[in-house]
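Residue strings, one per chain:
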Amino acid sequence: MRRGVGYKAADKKKFADKMYNKKGTEIDKEAVQKLHGSLGELKQKLQWFAAKHQIVLQTDPVFRQEFIQMCVSIGVDPINSSKSFWTEYLGVGSYYYMLAVQSIEIILAGAGRHGGVMKLVDLWRKLEKDKPTFLRDTEISL
């Protein structure tokens, strides 16, 4: 087939480009809508899972670690902040927030001896030895 020349061919090309862009935009909008639907469904399923297993998530470090690894593998950060969606439904963020506060208190208490830097094993031993009430029934993994 011959390529057109002149004004008519340029006009056809502009029209074709416009139609391709329009179709591309439609496809993008559909993809975004499907993605929002999938994210909504994922959120609902995670809420259901968290409600069903909340106590186990808070008390079993192995189960909690596996849950965190699952979330990371799908691109979700369950311990992002203490005021996030995950804290509200899972209690995971608040657990790690309280654990972090306890760790900081221990480090600051011994800062005169070690300058605020201590081995993780020593911190872990201190946390295990002097567990606060919110951690009494849990095992803190290294």
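Residues numbered from 1 in each chain as written. Predicted model: local features only at pLDDT ≥ 70, side-chain atom pairs only at ≥ 80, totals over all residues. Heavy atoms only, no water.

Definition in use: UniProt positions are given in the numbering used here, feature names are shortened, and annotations may be inferred rather than shown by experiment.
If you check an unreviewed UniProt entry, the protein appears there as Vacuolar-sorting protein SNF8 from Orchesella cincta. Note on the protein: under the UniProt heading Sequence similarities (unreviewed entry), the record states "Belongs to the SNF8 family."

1. Quick notes on the overall build of the protein
Our working definition: Note on conventions: DSSP H or I runs of at least 4 residues are helices, E runs of at least 2 residues are strands, and numbering of each starts at the N terminus. Residue burial is assigned from relative accessible area. The probe radius is 1.4 Å, only protein chains are included, and a residue is buried under 20% of its type maximum, exposed over 50%, and partly exposed in between. Any pair of residues with heavy atoms lying within 4.5 Å of one another is described as a contacting pair. Accessible surface area values rest on a Shrake-Rupley calculation with a 1.4 Å probe, where residue burial reflects the displayed protein chains alone.
Scanning the protein for helices and strands turns up six helices and zero strands. Going from N to C terminus, the protein has its helices and strands arranged as α-α-α-α-α-α. Sorting the 142 residues of the protein into buried and exposed places 21% on the buried side. Long-range contacts, defined here as pairs at least 24 residues apart, represent 44% of the contacts in the protein between residues at least 6 apart. Of the roughly 11,000 Å² of accessible surface on the protein, a fraction of 58% belongs to carbon and sulfur atoms.

2. A look at the nonpolar core
Quick reminder of the rule: For our purposes a nonpolar core is just a set of buried Ala, Val, Leu, Ile, Met, Phe, Trp, Tyr and Cys residues, chained together by side-chain atoms within 4.5 Å.
One finds L99, I106, L123, L127 and I140 forming the largest nonpolar core, which totals five residues. When contributions to this core are tallied by element, the ones reaching two or more residues are α4 (92-109) and α6 (120-129).

3. Description of the pattern of salt bridges
Note the following rule: Note on definitions: salt bridges are taken to be side-chain nitrogens of Lys or Arg within 4 Å of carboxyl oxygens of Asp or Glu.
Inspection of every chain in the model, using the stated rule, returns four salt bridges. Ionic pairing is found between E41 and K45, a salt bridge with its closest N-O pair at 3.2 Å. Of the two residues, E41 and K45 are both situated in helix α1 (residues 7-59); the distance of four residues between them amounts to about one turn of the helix. For E41, a relative accessible area of 43% puts it in the partly exposed group. For K45, a relative accessible area of 51% puts it in the exposed group. Residue R125 is joined to D122 by a salt bridge in which the shortest nitrogen-to-oxygen separation is 3.4 Å. Taken together, the residues R125 and D122, both in helix α6 and three residues apart, mark about one turn of the helix. D122 sits in the partly exposed class, given a relative accessible area of 31%.

4. With respect to the packing of aromatic side chains
Rule in force here: Two rings belonging to Phe, Tyr or Trp (six-membered ring only in the last case) form a pair when the distance between their centres is within 6.5 Å. Interplanar angles under 30 degrees mark stacking, angles over 60 mark edge-to-face geometry, and anything in between is tilted.
Per the stated rule, a full pass over the model turns up one aromatic pair. With a centroid separation of 6.1 Å and 20 degrees between ring planes, the pair formed by F49 and F63 is classed as stacked. Note that F49 is positioned in helix α1 and F63 in helix α2 (residues 61-73), a separation of 14 residues in sequence. What makes F49 partly exposed here is its relative accessible area of 22%.

5. Some words on the side chain of S103
Position of S103 among the secondary structure elements: in helix α4. With sequence-adjacent residues up to four places away left out, S103 is seen in contact with L123 and L127.

6. Topic: α1
The α-helix winds at 3.6 residues per turn, so residues separated by three or four positions along the chain end up facing the same way. To be explicit about the condition: A helix's residues, less one, multiplied by 1.5 Å, set its expected span. For a residue, the bend is simply the angle between two axes, fitted respectively to the seven-residue segment ending there and the seven-residue segment starting there.
Taking 1.5 Å per residue as the helical rise, α1 with its 53 residues ought to reach 78 Å, and the 74 Å between its terminal C-alpha atoms agrees with that figure. The largest bend in α1 comes to about 75 degrees, at H53.

7. Focus: the environment of Q58
Considering the arrangement of structural elements, one finds Q58 in helix α1. As a C-alpha pair, Q58 and D137 span 79 residues in sequence and 9.4 Å in three-dimensional space.

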